[in-house]
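Descriptive structure summary
The lines below spell out each chain.
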Protein chains: 2
Amino acid sequence: MGRVSRQEPDNPPGGTGGGDGSSRRYEHEALAAVFQVRDGSMHVLLWRRAREPFAGRWSLPGGSLAVEERLGTSLSRHLAVKVDLTDIGFLEQLETRSDVDRDPRGRVIATAYVALVSTDVNPTIPDDTAWFPAAHLPPTAFDHSSIIRSGLERLRAKLTYTNLAFALVPAYFTIAELRVVYEACLGHAVSPTNLQRVLLRRRIIESTGRRTSSSSSGGRPATLYRFRERTLRVTDPFATFRPPGMDVEPNGAVT
Amino acid sequence: MGRVSRQEPDNPPGGTGGGDGSSRRYEHEALAAVFQVRDGSMHVLLWRRAREPFAGRWSLPGGSLAVEERLGTSLSRHLAVKVDLTDIGFLEQLETRSDVDRDPRGRVIATAYVALVSTDVNPTIPDDTAWFPAAHLPPTAFDHSSIIRSGLERLRAKLTYTNLAFALVPAYFTIAELRVVYEACLGHAVSPTNLQRVLLRRRIIESTGRRTSSSSSGGRPATLYRFRERTLRVTDPFATFRPPGMDVEPNGAVT
DNA sequence: ATGGTTTTCGCCTTATAGGCGATAACTACG
DNA sequence: CGTAGTTATCGCCTATAAGGCGAAAACCAT
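This text gives an overview of the structure that appears in the document. (Residues numbered from 1 in each chain as written. Chains lettered and ligands numbered in written order. Predicted model: local features only at pLDDT ≥ 70, side-chain atom pairs only at ≥ 80, totals over all residues. Heavy atoms only, no water.)

**Structural notes on unusual backbone geometry**
- Between Glu-52 of chain A and Pro-53 of chain A the backbone carries a cis peptide bond, its omega angle lying at -5°.
- In this model, Asp-39 of chain B sits at a positive phi of 50°, which is unusual for a non-glycine residue.
- Within the secondary structure layout, Asp-39 of chain B lies in the loop between strand E1 (25–38) and strand E2 (41–48).
- Given the relative accessible area of 81%, Asp-39 of chain B is considered exposed. (Helix = DSSP H or I, 4+ residues; strand = E, 2+ residues; numbered from the N terminus. Buried < 20%, exposed > 50% of the residue type's maximum accessible area, 1.4 Å probe, protein only.)

**A look at the pattern of salt bridges**
- Here the structure, examined in full by the defined rule, presents 26 salt bridges over all chains.
- Where Asp-143 of chain A meets Arg-97 of chain A, a salt bridge forms, and the shortest distance between an N and an O atom there is 3.9 Å. Taken together, the residues span a long stretch of sequence, with Asp-143 of chain A in the loop between strand E7 (129–133) and helix H2 (144–161) and Arg-97 of chain A in strand E5 (residues 90–97) at a distance of 46 residues. In this pair, the class of Asp-143 of chain A matches that of Arg-97 of chain A, namely buried.
- Salt-bridge contacts for Glu-92 of chain B lead to Lys-158 of chain B; the nearest nitrogen and oxygen are separated by 2.7 Å. Of this pair, Glu-92 of chain B sits in strand E5 (residues 90–97) while Lys-158 of chain B sits in helix H2 (residues 144–161); the two residues are 66 residues apart in sequence, bridging distant segments of the chain.
- Residue Lys-158 of chain B is classed as buried on the basis of its relative accessible area, which comes to 14%.
- Linked by salt bridges that have partners in common, Glu-29, Glu-95, Arg-97, Arg-102 and Asp-143 of chain A make up one network. (Salt bridge = Lys/Arg side-chain N within 4 Å of Asp/Glu carboxyl O.)

**Concerning the packing of aromatic side chains**
- For the coordinates displayed, the defined rule picks out 13 aromatic pairs over all chains.
- For the pair Tyr-161 of chain A and Tyr-161 of chain B, a centre-to-centre distance of 6.2 Å together with 40° between the ring planes defines the contact as tilted. Placement of Tyr-161 of chain A in helix H2 and of Tyr-161 of chain B in helix H2 is noted, with the two residues assigned to different chains. The pair Tyr-161 of chain A / Tyr-161 of chain B is uniform in exposure class, with both members buried.
- A centroid spacing of 4.7 Å and a plane angle of 70° characterise the contact between Trp-58 of chain B and Phe-132 of chain B, whose relative ring orientation is edge-to-face. Linking Trp-58 of chain B in strand E3 (residues 58–59) with Phe-132 of chain B in strand E7 (residues 129–133), this pair joins segments that are 74 residues apart in sequence. Of the two residues, Trp-58 of chain B and Phe-132 of chain B, neither departs from the other in class, the shared state being buried.
- Put simply, the rings of Phe-90, Phe-166, Phe-173 and Phe-227 of chain A pair up and form one aromatic cluster.
- Here Arg-210 of chain B stacks its cationic end above the ring of Tyr-172 of chain B, 5.0 Å away from the centre of that ring. (Phe/Tyr/Trp six-rings, centres within 6.5 Å; stacked < 30°, edge-to-face > 60°. Lys NZ or Arg CZ within 6 Å of the ring centre and 35° of its normal.)

**Overview of the protein's contact with DNA strand C**
- As a matter of local geometry, DNA strand C sits amid 27 residues, with Gly-219, Thr-223 and Phe-241 of chain A together with Asn-194 and Arg-197 of chain B nearest to it.
- What you see for DNA strand C is that sugar and phosphate hold 62% of its atoms within 4 Å of the protein.
- Taking Asn-194 of chain B, its side chain carries an N or O atom lying 2.6 Å from a phosphate oxygen of DNA strand C.
- Ranked by the residues each element gives to the surface near DNA strand C, the list is headed by helix H4 (residues 192–201) of chain B, at five residues. (Near = heavy atom within 4 Å. Polar contact = N/O pair within 3.5 Å; in protein donor to acceptor, adjacent residues only side chain to side chain.)

**Here we look at the environment of Asp-101 of chain A**
- In this fold, Asp-101 of chain A is placed in the loop between E5 and strand E6 (108–116).
- Sequence separation of Asp-101 of chain A and Phe-142 of chain A is 41 residues, and the distance between their C-alpha atoms is 9.3 Å.

**Considerations on the protein's contact with DNA strand D**
- What surrounds DNA strand D is a group of 27 residues, the closest being Asn-194, Arg-197 and Arg-201 of chain A together with Gly-219 and Thr-223 of chain B.
- Close to the protein, within 4 Å, the atoms of DNA strand D are drawn from sugar and phosphate at a rate of 61%.
- At a separation of 2.5 Å, a phosphate oxygen of DNA strand D approaches a polar side-chain atom of Asn-194 of chain A.
- One of the side-chain N or O atoms of Arg-201 of chain A is found 3.1 Å from a base nitrogen in DNA strand D.
- Counting only elements with at least two residues in the surface near DNA strand D, the list comes to helix H4 (192–201) of chain A together with helix H3 (175–186) and H4 of chain B.
- When residues in the surface near DNA strand D are grouped by element, the largest group, five residues, is from H4 of chain A.

**Comments concerning H4 of chain B**
Residue and element names in this part refer to chain B.
- Those residues of H4 not exposed but buried are Leu-195, Val-198 and Leu-199. Considered in projection along H4, the buried side chains sweep an arc of 90° and stay on one side of the axis.
- Looking at the buried side of H4, the elements it contacts are H3 and strand E8 (205–211).
- Arg-203, located one to two residues past H4, shows a positive phi value of around 55°. (Arc of directions from axis to C-beta. Contact = heavy atoms within 4.5 Å.)

**Some remarks on helix H3 (residues 175–186) of chain A**
Residue and element names in this part refer to chain A.
- For H3, which comprises 12 residues, the first-to-last C-alpha distance of 16 Å matches the rise-based estimate of 16 Å (1.5 Å per residue) to within 8%.
- Considered for burial, the residues of H3 that qualify are Ile-175, Leu-178, Val-181, Tyr-182, Ala-184, Cys-185 and Leu-186.
- Looking at the packing, one finds that the buried side of H3 touches strand E1 (25–38), strand E2 (41–48), H2, H4, strand E8 (205–211) and strand E9 (223–227).
- Count one or two residues on from H3 and you reach Gly-187, which has phi positive near 80°. (Expected span 1.5 Å × (residues − 1).)

Here is the structure:
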C-alpha cells in the first residue's frame, strides 16, 4: 500500500474516495440498555421484534442516527418517541459494536448506552415492550444480550466506586430502599449498617432531618437521606499510590 | 414520527429508507491515542496534517473504516501500514464521538481507542509523525486534544486498580523502571517501597529470581519482576459491600 | 404496657495503604 | 583490601477504610 502518508479521510464528504477504501459510509444506530430495579431485582427494558430477522425475539430499544443529531440526543429522542420514556436519570455511552455480521441484513454499527431509571417512576410503555429481569433474559436479537451483560458489569463496578446509585432511587430515600437497589444491582446481600456507614463516610449521601411518617409493617421510622450530588462523581479509591502530602478535600479538590 | 412502533432500521441495507430518516449512512473513522512513556514522561504519538482543514496542526493517527473490518482490526491495520506501529501491547476502545460539526468538511463519526506501547520498543515512525509529551500538546486538530485528555484519564484510573501497567513496561523490569512509568502516568511522585508492596500483595507482579547484572551508576542490583498476567485484570476494590462470607481467591475466582 | 419490627448507633476486628529507618548488595576509588 | 557512595529491599510501625455484631431507639398492634 503506497507510501506512508496521510491520515484521516482527506476526501471531502461525498467525495470520490480514493486510495484504500476510504469514505465508505455505514448505517449507525444508538441502542439503550435501560435499567430499573423492580420488585427487588434489576430489570432491562426490551422491545419485541415484529419482523425478520429475529422476529419474535427481544431487542434493545433505540434507532438509527439522524443527520443533524449526536448519538446521545438521538437516543433520547428515540426513547421518548418510541417508548414514551423521558424520565431517565442517567445516560452514559457504553461501547460501539462494529462486527461486520452483527446484523444479518447488512452492516450496521451500533453505539450502546446505559440508561438508568429511578424506582419511583413507572413509565407507560407500549404493548410490544416489557421489563425483564436481567438475570433471566428472554431470547434476544443480534448481539444485544452481550451488550446487556457489558452494561451490567459497568453498572456494578460504578455502583461501588461512584455515587451512581443516585439515578436509581428517588430524590429522598431510606437506607432500606437504597439497600434493595444495591442488592439488586450487585446480586448479593448488602448489610444496611455497612451501606449507611460507608456512604456517609464517603460523603456521598447525607441525612435530611426528615423521617418516613410510618412504615406499613411497623417498626422504627427511617431517616430520609439524599445524595449530596446527583451527577456522577467518583470516590477516590483511585488514590492508591497517592503522593506524600496530598490530601483530598471533601469537595473533591486536591490541596 | 407516526405511532409508536418499530425499532431498529427494519429497512434492508441500501433500502429505500422510510419513515423518520432511518438508513442514513455516515463516514466512520477509528482513531488511536497511542501512549508511551519516554524519558520519564507520558507521550502521545501525533500526526502532522498536511492539508486543510487544520493543515499544520497535529492529529491522532487512524483512518476510515473499511467495509469488511471491525473497528479494532481496522485501527491496527492503519497503525501498522501508516505509522509502522505493530508493537502495541494493549488496545481498548475508549469512546465514540458523534458531534455533527467535529469535522468541518462534513459529518464523520469517530471511535477512539487507547493504545499502549512498552518502553522497550522504539518504533521507526514516519517523518510527519512525532511523540509529544501529553502534558504539553502542540496545536491539535478536530476534537483530538479532548480525546487525548479522556484517554489519559482512563489510563490513570486503570493503572491504579488494574494490572494495566503490563503494557507499558518490558516483560522483565525492575521496580525502579516500573516506578518511572507510574510516575509518568499519574503525574506525581510514587514511592518505590509502596509500589512494590502493593503490587506484590495484590499478586499483580512477581519476582523472577534473576537480578540486573549491574547497573550503570553503582548500587545494589535490582530484582527483575514480571507481571503474573499480561492481559487486563481488575483488582477488586470493587469488592466494597462484598457479601458476608465471600472471599476472593488469589486467582480471582470467588468461593 | 408488652411484644414484634425495623432502624440506627457504638465498639470492636480485619484488611490494605503508606512512612521511615535499617540492612543488603553492589561499584568506584584509593 | 577497605571504605565511601549508591541503589534496592525488608521489617516494623501507623493511618484509614471496611465490615461484624449486639444494644438501644422508635415506631405499630394488640
